[in-house]
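Chain by chain, the residues:
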Amino acid sequence: MAVDPLIELRDVNKHFGTLHVLRDITLTVGRGEVVVVIGPSGSGKSTLCRTINRLETIESGHIVIDGKPLPEEGKGLAQLRAEVGMVFQSFNLFAHKTVLANVSLAQMKVRGRKKDEADRRSRELLERVGLAGQADKLPAQLSGGQQQRVAIARALAMDPKALLFDEPTSALDPEMINEVLEVMRQLARDGMTMVVVTHEMGFARSAANRVVFMADGRVVEDRTPEDFFTAPESDRAKDFLSKILKH
């Protein structure tokens with residue numbers, strides 16, 4: 001059990017029509033922990049990730065962030081999404097705004113920062129993700145890997161307690177994947193609490209404190225990467241690993 005839980009899910013259930021996508025999910029993520037969620041397509045990984053900042057609602061169960069239940073609507077929800085940032089598969093940047101404006105916008109709207117202060121913070125973060133020189137460009141002038149790093153800077157700009165990553169590299173060309181994972185590894189080293197849905201097993205091995213393996217809407221295994229990759233307990237996990245780790 002995590003010593004200092006930041007994210008707690010208890011008995012969470014979710015259907016899409018007749019499809020039971022999350023089945024009695026119970027999961028705790030401790031402060032400063034990196035939890036990587038893996039599993040076959042359709043196992044419920046992305047849905048799980050999206051319930052944590054209420055992009056998907058749940059039918060039953062409880063989700064608690066830093067001791068507080070998820071807010072229903074309105075102002076509390078905007079606040080939650082500032083505290084639990086999300087980085088998506090598609091970068092969701094504003095096409096007609098500069099990189100700097102993309103990172104500054106929510107800081108001014110949600111955190112109430114003045115433009116100068118927001119821009120200063122944005123430049124610091126762009127430097128942190130290796131994009132200090134790109135502040136005045138538009139997203140379309142950047143590679144996919146650079147756009148995803150802008151999206152990470154934008155999430156960090158809110159000073160979140162935790163970051164959720166929903167397959168952050170699956171839309172990228174292979175040569176760009178590592179530059180994004182490297183930024184994420186650095187965040188992990190800096191102690192950011194992270195829940196990462198990914199197909200990148202190398203990242204799961206090297207950066208995760210725990211690997212959560214999902215299949216058919218359930219958490220099948222929740223163990224250290226070392227244990228999971230060397231000695232998976234369930235047939236589902238063995239089958240999954242044999243398919244993806246064949247070289």
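- The name that an unreviewed UniProt entry assigns to the chain is ABC-type polar-amino-acid transporter, with the source organism given as Streptomyces halstedii.
- Per UniProt, the comment on the chain under Catalytic activity (unreviewed entry) is "a polar amino acid(out) + ATP + H2O = a polar amino acid(in) + ADP + phosphate + H(+)".

Examining the UniProt feature "domain: ABC transporter" (unreviewed entry) in the chain
Here is step 1: When the UniProt feature table is mapped to this numbering, "domain: ABC transporter" (unreviewed entry) covers residues 7-241.
Here is step 2: From the first C-alpha to the last, residues 7-241 spans 27 Å; its make-up is 39% helix and 26% strand.

What about the pairing of strand S1 (residues 5-16)?
Here is step 1: Pairing between S1 and strand S2 (residues 19-30): 8 bridges, direction antiparallel. Its bridge partner lying in S2, Lys-14 is registered against Leu-22.
Here is step 2: Remark: 2 residues form the turn of the hairpin made by S1 and S2, two consecutive strands paired antiparallel; Gly-17 in that turn has positive phi of roughly 60 degrees.
Here is step 3: With 5 bridges connecting them, S1 and strand S4 (residues 60-65) associate as antiparallel partners. From the neighbouring strand, Ile-7 faces S4, where its bridge partner is Ile-65.

Focus on the pattern of salt bridges
Here is step 1: Counted under the stated rule, the structure contains 21 salt bridges.
Here is step 2: Linking Arg-128 and Asp-190 is a salt bridge whose minimum nitrogen-to-oxygen distance equals 3.1 Å. Of this pair, Arg-128 sits in helix H4 (residues 115-128) while Asp-190 is found in the loop between helix H6 (174-189) and strand S8 (193-197), placing the two residues 62 residues apart along the sequence.
Here is step 3: Exposure remark for Arg-128: the relative accessible area of 41% places this residue in the partly exposed category.
Here is step 4: Asp-190 sits in the partly exposed class, given a relative accessible area of 44%.
Here is step 5: One salt bridge connects Arg-210 with Asp-222, and the closest N-O pair in it is separated by 2.9 Å. Of this pair, Arg-210 sits in strand S9 (residues 210-215) while Asp-222 sits in strand S10 (residues 218-223), and the two are 12 residues apart along the sequence.
Here is step 6: The exposure class of Arg-210 is buried, given its relative accessible area of 13%.

Cut-off values and rules
Residues numbered from 1 in each chain as written. Predicted model: local features only at pLDDT ≥ 70, side-chain atom pairs only at ≥ 80, totals over all residues. Heavy atoms only, no water. UniProt positions renumbered as here; feature names shortened; annotations may be inferred. Helix = DSSP H or I, 4+ residues; strand = E, 2+ residues; numbered from the N terminus. Pairing = 2+ DSSP bridges. Salt bridge = Lys/Arg side-chain N within 4 Å of Asp/Glu carboxyl O. Buried < 20%, exposed > 50% of the residue type's maximum accessible area, 1.4 Å probe, protein only.

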